[in-house]
Amino acid sequence: FFFSSRRRHTRCSGVSWARRCVQETGGINAEYMGIFIQFEGQNSLSYARVEYRIGYCNLERSKYDEALKHLEACKSIRTTLLGDQHPLLGEVYSAIGWVYQRQSKVNECSEAFSQCLKLYENSYGQKSLITSVAYYNLGILKKNSRDFALSEMYLKSCYNTKQEKLGENHSELSGCCVALGNLFNESGDYNQAIQYYQKGIQISVANKQETDEAYNLYNLGNIQYKSSDYKQALQTFERTYAIRQKILGENDNLTLHTLKCLNECKSRLGKIDEAVEGLNTFIKGQIQIFGKEQPGTGHAFYWRSLLYFNICLLYTSD
């Protein structure tokens, strides 16, 4: 009885410690890994899970070759034990796709994401939440490849599924709104982009997600600025700035870039003194973050000099 209890205790301790090491460090203590292999075996589903976690941790640490090695090992074990159509392979293909995406290997990434989608559709159907994740991944990939028609199809499938399953103001829809807004912004369909950014703002406010609210506001302000609606853009950027100043602080890079944008609007509206003062604050913040000789600070000086140039044009006749 003692030996049996001790054996179970050793196994549980080894397995739990191995999993904890994977989660916290991306690696496994060799002693406990030996215990894990002894009781679980190298061809068990539990061991495949550890391989997946190691691969995912290496992905997050940008160690892509190591990530692929462990993810392929996980895929091999699961395929052997479960067959090549089991949905557990879907998350492995998805992670492999992320590795290829980080490496800018578009064809390999598309193949992995497509395989994930196929497995999820066959197992869960087209209208399941887990399938919507595969739609989202492919939608982002196609947008980055400038295949806007396919991107729209996948992203709208993701959006419609989440809206149907979770409700129209669920926080999970926020990311879809951002992706669709960015898609239509890049393709030049500003009306639809504004529609999705405004929907994203509505969802963020309903769920008190100020970071997402500020991101959608910033994107909306950029479209209004590009459309020469400077008055509306100024109001949008001022709202964005207030949120980012509160949650990130005055000297955060995102806050400062929002400050730059709203002062560009002021310069377009003829509020020159306010614009110069705001851009000087932007430059001081950039110097504090990057130092005086860094590219980010040079960018700040560029915007101020451009403003001065435009002022000169106001007072220069033909």
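Keep in mind that what you see is a predicted model, and the values were worked out from it rather than measured.

*Asks:* Quick question: what am I supposed to make of the overall build of the chain here?
*Replies:* If you tally the helices and strands in the chain, you get 15 helices and zero strands. Within the chain, the proportion of its 318 residues that are buried is 42%. Across the chain, every contact between residues at least 6 apart in sequence was considered, and the portion connecting residues at least 24 apart equals 54%. Total accessible area on the chain is roughly 16900 Å²; 49% of this is exposed by carbon and sulfur atoms.

*Asks:* What is the right way to read the side chain of Asn 263 from this model?
*Replies:* Residue position: Asn 263 is located in helix α13 (residues 253-268). Under the relative-accessibility criterion, Asn 263 is labelled buried at 2%. With residues near it in sequence (within four places) discarded, Asn 263 still touches Glu 274, Ala 275, Gly 278 and Leu 279.

*Asks:* In this structure, what is going on with the packing of helix α10 (residues 190-206) against helix α11 (residues 210-226)? I would like to understand it.
*Replies:* Two quantities define a packed helix pair, namely the angle between the axes and the distance from one axis to the other. As a packed pair, α10 and α11 sit with axes 8 Å apart at the nearest point and diverge in direction by 155 degrees. When the axes of α10 and α11 are compared, the pair comes out roughly antiparallel. By crossing handedness, the relation of α10 to α11 is classed as left-handed. On α11, the residues that touch Tyr 190, Ala 193, Ile 194, Tyr 197, Gln 198, Gly 200, Ile 201, Ser 204 and Val 205 of α10 are Asp 212, Glu 213, Asn 216, Leu 217, Asn 219, Leu 220, Ile 223 and Lys 226. Looking at the contact of α10 with α11 residue by residue, the classes come out as nine nonpolar, five polar and three charged.

*Asks:* What's the story with the packing of helix α12 (residues 230-248) against α13 in this structure? I'm lost.
*Replies:* Interaxial distance between α12 and α13 falls to 9 Å at its minimum, and their mutual angle equals 155 degrees. It follows that α12 is roughly antiparallel to α13 by the angle criterion. By crossing handedness, the relation of α12 to α13 is classed as left-handed. The segment α12 lies against α13, with Tyr 230, Ala 233, Leu 234, Phe 237, Glu 238, Thr 240, Tyr 241, Arg 244, Gln 245 and Leu 248 engaging Leu 254, Thr 255, Thr 258, Leu 259, Cys 261, Leu 262, Cys 265, Lys 266 and Arg 268. Considered class by class, the residues forming the contact of α12 with α13 number 11 nonpolar, four polar and four charged.

*Asks:* Explain helix α7 (residues 129-144) to me, please; I cannot follow it from the model alone.
*Replies:* Because each turn of an α-helix spans 3.6 residues, side chains separated by three or four positions in sequence point in the same direction. Between its terminal C-alpha atoms α7 stretches 23 Å, which fits the 22 Å expected from 16 residues at 1.5 Å a residue. Burial in α7 covers these residues: Thr 131, Ser 132, Ala 134, Tyr 135, Asn 137, Leu 138, Gly 139, Ile 140, Leu 141, Lys 142 and Lys 143. As for α7, its buried residues are in contact with α5 (88-102), α6 (106-124), α8 (148-166) and α9 (173-187). Backbone geometry just after α7 places Arg 146 at a positive phi near 65 degrees.

*Asks:* Please explain the state of the cysteines as it appears in this structure.
*Replies:* Each disulfide is one covalent bond, formed between the sulfur atoms of two cysteines. Taken as a whole, this structure holds zero disulfides when the rule is applied. Between Cys 158, a free cysteine, and Cys 176, which holds the nearest cysteine sulfur, the sulfur-to-sulfur gap is 3.3 Å. Its relative accessible area of 0% is what places Cys 158 among the buried residues.

*Asks:* Just checking my understanding: could you explain the side chain of His 70 for this structure?
*Replies:* With respect to the element layout, His 70 can be found in helix α4 (residues 64-82). Discounting residues that sit within four places of it in the chain, His 70 has contacts with Glu 51, Ile 54, Gly 55 and Asn 58.

*Asks:* Could you clarify how one ought to interpret a nonpolar patch on the surface in this entry?
*Replies:* There is a patch of nonpolar side chains on the surface, built from Ile 247, Leu 248 and Leu 254 and spanning about 240 Å² of accessible area. Here Leu 254 lies in helix α13. Note on Leu 254: relative accessible area 47%, which makes it partly exposed.

*Asks:* Whenever I open this one, the environment of Tyr 100 confuses me. Can you help?
*Replies:* Examined against the element boundaries, Tyr 100 turns out to sit in helix α5. When its relative accessible area of 17% is taken as the criterion, Tyr 100 is described as buried. For the pair formed by Tyr 100 and Glu 111, sequence separation is 11 residues and the distance between their alpha carbons is 9.9 Å. Residues in contact with Tyr 100, not counting those within four places in the same chain, are Leu 68, Lys 105, Glu 108 and Cys 109.

Reading guide: rules and limits
- Residues numbered from 1 in each chain as written.
- Predicted model: local features only at pLDDT ≥ 70, side-chain atom pairs only at ≥ 80, totals over all residues.
- Heavy atoms only, no water.
- Helix = DSSP H or I, 4+ residues; strand = E, 2+ residues; numbered from the N terminus.
- Buried < 20%, exposed > 50% of the residue type's maximum accessible area, 1.4 Å probe, protein only.
- Contact = heavy atoms within 4.5 Å.
- Areas by Shrake-Rupley, 256 points an atom, 1.4 Å probe, with all protein chains shown as cover.
- Axes fitted to C-alpha atoms, helices over the stretch in contact; angles between N-to-C directions.
- Parallel < 35°, antiparallel > 145°, perpendicular 65-115°, else oblique.
- Left-handed = near helix turned anticlockwise from the far one by under 90°.
- Nonpolar A, V, L, I, M, F, W, Y, C, P; charged D, E, K, R; others polar.
- Expected span 1.5 Å × (residues − 1).
- Disulfide = S-S within 2.5 Å.
- Patch = residues over 30% accessible without salt bridge, like charges linked within 9 Å, V, L, I, M, F, W, Y side chains within 5 Å.
- Salt bridge = Lys/Arg side-chain N within 4 Å of Asp/Glu carboxyl O.

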